There are 2 protein chains.
Amino acid sequence: MEAGDKEDISAECKARLEGFKAIAESALDEVMPKGGEGDAVLAEAVRYAVGSGGKRIRPVVCMASAIAVGAGAEDVRYAAAAIELLHNYTLVHDDLPSMDNDTVRRGRPAVWKKFGEANAILVGDALQALAFAAAARQPRGTAQIVAELADKALGVVQGQVEDIDGREKTVEAVERMYARKTSDLFVAAAVMGAVGGGGSPGEVEALRRYAFNLGLAFQYEDDFFDGDSVFGRDVARSRAKARTDDALAALEGLSGDATVLKELARGLLARIL
Amino acid sequence: MEAGDKEDISAECKARLEGFKAIAESALDEVMPKGGEGDAVLAEAVRYAVGSGGKRIRPVVCMASAIAVGAGAEDVRYAAAAIELLHNYTLVHDDLPSMDNDTVRRGRPAVWKKFGEANAILVGDALQALAFAAAARQPRGTAQIVAELADKALGVVQGQVEDIDGREKTVEAVERMYARKTSDLFVAAAVMGAVGGGGSPGEVEALRRYAFNLGLAFQYEDDFFDGDSVFGRDVARSRAKARTDDALAALEGLSGDATVLKELARGLLARIL
């Protein structure tokens, strides 16, 4: 799932997103293995999996959340790298033959197609370890940041277990699965950014609420564009709108600049109204 | 690999090991999912993977290291759980069909045989996340503890990538692989125990050296009993002895009680001399 298409947002916001992306790429490069003695294969495969062309929407949410509590994007560079590494590990494992069996990712062979299935399992494992290595480098609120990342990493796995379990689901079960598969990493991104940026407990909870709703809105947007929608287009659109409204409402009263977070939420909605 | 057979150690030490094991089981039970709404499958599979009958040698090293710097075993209960969760994730993934293709583990069906391949990948992923969740709960030295666990988690993956790569290895490459596959988690256990127990930087480094050498000694012991030994029995025995001596030497000058660590190292050696 991709989000934050540049067409829907202002020129000023576009420029800020490019700045965030540059910080994320730099932090990722810093924490990934360099390919020293005996590490060449793993380093190459890890860097292939993480790529560099993506929009880095989760790091963007992390850095924009830090700014929304009055800190700077650079202050949470390692948290931003951590959430992107964790996201990419889930993609590498999701693509595996015994999971979704996808052979292509971002227009290139999936990691398992290029490096083999065993190496792809290990690359995903390495990316998860690297995510926590990056999170541990955040100087402020480290324990809370690692705990949040671990909690949401577990949530994503739980969502995937529910997704593949094949039993028919109630609407409530589908929404819980959506929350875990999509919202959880957005929540981790926002909370890590807010905590790493020194936000108050109230600000951290506000940004948690923002990200939870933003994640669900994205998932309903996916549903809207997906012919196979669980809820149907009309229901998906109205739910996406309600969740976007909730996300925007959560941003009231923050001490910093929440412009980027607002534009991300509004840009999403603009595409389906 | 199992170690610390009770025949080789004193009755007093046996009793202490049982106490450590009880703390580890209690901490593991506390941090593992309980099987709430929608979580039943994952909780069952995670608990199956972790089991309860093992010797919990890595948690033992962690708790004994805390005692060796003057703290108590309970002080590092979450670090002890973390290292065991991480170890068990590596076993679950190592057993997968595309990896070692082992169908039996500890006398029971491997996780992938019992729960399916996709769920086994996810269970391993969940166990790694749980390991970091547990580590984040250590109240003292949290950032250093998480960083150590992440670094060694990456080392284990690197060792596995080297193991499956199939190219012929120099003796140095085999030793580096041994260090990563076996010593790395012993080192993480000892360092987390020493840091969590408030050890001085010098004590932390001493226990790192102990654990690194103990891990290699275990690997050479494995080689000694393995008909397929890389080095041959005589070389394996002499290397195990040299590494055990180095491990014991590292324990000089610690501020706490290093008896258990000493007995673990000597017990190992007693089996092959």
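Predicted model, so just to flag it, every value in this text is computed and none were measured. (Residues numbered from 1 in each chain as written. Chains lettered and ligands numbered in written order. Predicted model: local features only at pLDDT ≥ 70, side-chain atom pairs only at ≥ 80, totals over all residues. Heavy atoms only, no water.)

**Digging into the overall build of chain A**
Each helix and strand counted, chain A has 11 helices and 2 strands in total. Along chain A, helices (α) and strands (β) appear in the sequence α-α-α-α-β-β-α-α-α-α-α-α-α when read from the amino end. Taken over C-alpha atoms, the radius of gyration comes to 18 Å for chain A, in line with the 19 Å a tight globule of 273 residues would show. In terms of its C-alpha atoms, chain A occupies a principal-axis envelope of roughly 50 × 45 × 35 Å. Within chain A, buried positions represent 60% of all 273 residues. A sequence separation of at least 24 residues applies to 73% of the contacts in chain A between residues at least 6 apart. (Helix = DSSP H or I, 4+ residues; strand = E, 2+ residues; numbered from the N terminus. Rg over C-alpha atoms; globule rule 2.2 N^0.38 Å. Buried < 20%, exposed > 50% of the residue type's maximum accessible area, 1.4 Å probe, protein only. Contact = heavy atoms within 4.5 Å.)

**Considering the relation of the copies chain B and chain A**
Between chain B and chain A, which share one sequence, the superposing operator has a rotation angle of 180° and an axial displacement of 0.0 Å; the RMSD is 0.0 Å. Given the turn and translation reported, the copies of this chain are related as if by a two-fold rotation axis. (Least-squares fit on C-alpha atoms with pLDDT ≥ 70 in both.)

**Details of unusual backbone geometry**
You will see that A:R106, though not glycine, has its phi angle at about 55°, which is positive. As for its position among the elements, A:R106 is in the loop between β1 (104-105) and β2 (108-109). Look at B:R56: it is not a glycine, yet its phi comes out positive at around 55°. Take B:R56: it is sitting in the loop between α2 (40-50) and α3 (57-68). Judged by its relative accessible area of 3%, B:R56 falls in the buried class.

**Looking at the interface of chain B and chain A**
Counting residues at the interface gives 39 residues for chain B and 39 residues for chain A. Of the roughly 3300 Å² buried at the junction of chain B and chain A (both faces included), carbon and sulfur atoms supply 70%. Summed over the shared surface of chain B and chain A, the result is 4 residue pairs in polar contact (both at pLDDT 80 or more). When contributions to the side of chain B that touches chain A are tallied by element, the ones reaching two or more residues are α2, α4 (77-94), α6 (117-136), α7 (142-164) and α8 (171-196) of chain B. (Buried area = accessible area lost by both parts, 1.4 Å probe. Polar contact = N/O pair within 3.5 Å; in protein donor to acceptor, adjacent residues only side chain to side chain.)

**Digging into the packing of helix α10 (residues 233-250) of chain A against helix α11 (residues 259-270) of chain A**
Residues and elements named next belong to chain A. At a closest axis distance of 10 Å, the pairing of α10 and α11 adopts a crossing angle of 170°. Relative to α11, α10 is oriented roughly antiparallel. Relative to α11, α10 is oriented so that their crossing is left-handed. In contact with A240, K241, T244 and L248 of α10, α11 contributes K262, A265, R266, L268 and L269. (Axes fitted to C-alpha atoms, helices over the stretch in contact; angles between N-to-C directions. Parallel < 35°, antiparallel > 145°, perpendicular 65-115°, else oblique. Left-handed = near helix turned anticlockwise from the far one by under 90°.)

**A look at helix α2 (residues 40-50) of chain A**
For α2(A), every residue scored as buried is listed here: A:L42, A:A43, A:A45, A:V46, A:Y48, A:A49 and A:V50. The first or second residue beyond α2(A) is A:G51, which carries a positive phi of 55°.

**What about the side chain of B:N119?**
Looking at the element boundaries, B:N119 is found in helix α6. For B:N119, a relative accessible area of 17% translates into the label buried. Those residues in contact with B:N119, other than ones at most four positions away along the chain, are A:V161 and A:I164.

**Describing the environment of A:G116**
Residues and elements named next belong to chain A. Structurally, G116 can be placed in the loop between α5 (111-115) and α6 (117-136). Residue classification places G116 among the partly exposed positions, given a relative accessible area of 26%. Between the C-alpha atoms of G116 and I67, which are 49 residues apart in sequence, the distance is 41 Å.

**Description of the pattern of salt bridges**
Residue and element names in this part refer to chain A. Under the defined criterion, the tally for this structure stands at 36 salt bridges over all chains. Put simply, R56 and E25 hold a salt bridge, and the shortest N to O gap is 2.7 Å. A residue pair is termed long-range when its members are at least 10 positions apart, and R56 in the loop between α2 and α3 (57-68) and E25 in helix α1 (residues 11-31) qualify at 31 residues. For the pair shown, R56 and E25 are each scored as buried. Among the ionic contacts, a cluster of salt bridges with common partners joins E148, D151, K152, E205 and R208. (Salt bridge = Lys/Arg side-chain N within 4 Å of Asp/Glu carboxyl O.)

**Description of the side chain of B:D94**
All names here are of chain B. Tracing the sequence through the fold places D94 in helix α4. An unpaired buried charge is present at D94: no salt bridge exists, and R105, the closest side chain of opposite charge, is 5.5 Å distant. In contact with D94, not counting residues within four places along its chain, are M99, D100, N101 and Q160. (Lys, Arg positive; Asp, Glu negative; His and termini not counted.)

**Quick word on the confidence of the model for chain A**
All names here are of chain A. Of all residues in chain A, 95% have pLDDT values of 70 or greater, and the mean over the chain is 91. Low confidence marks residues 1-6, where pLDDT is under 50. Its contacts with residues over four positions away, or in another chain, come to 17 contacts. Taken together, the chains of this predicted complex give a pTM of 0.94 and an interface ipTM of 0.93. (pLDDT = per-residue confidence, 0-100.)

**Here we look at the packing of aromatic side chains**
Think of a pair of aromatic rings as described by two things: how far the centres are apart, and how the planes are tilted against each other in angle. All names here are of chain A. Applying the stated criterion across every chain yields a total of 7 aromatic pairs over all chains. With a centroid separation of 5.4 Å and 75° between ring planes, the pair formed by Y48 and F115 is classed as edge-to-face. Highlighted residues: Y48 in helix α2 and F115 in helix α5, separated in sequence by 67 residues. The pair Y48 / F115 is uniform in exposure class, with both members buried. Ring plane angle 70° and centroid distance 5.8 Å describe the contact between Y178 and Y220, whose orientation is recorded as edge-to-face. Residue Y178 is found in helix α8 (residues 171-196), and its partner Y220 is found in helix α9 (residues 201-225); the two are separated by 42 residues along the sequence. The pair formed by Y178 and Y220 is uniform in burial state, with each residue classed as buried. Taking the ring centre of Y48 as reference, the NZ or CZ of R108 above it sits at 4.0 Å. (Phe/Tyr/Trp six-rings, centres within 6.5 Å; stacked < 30°, edge-to-face > 60°. Lys NZ or Arg CZ within 6 Å of the ring centre and 35° of its normal.)

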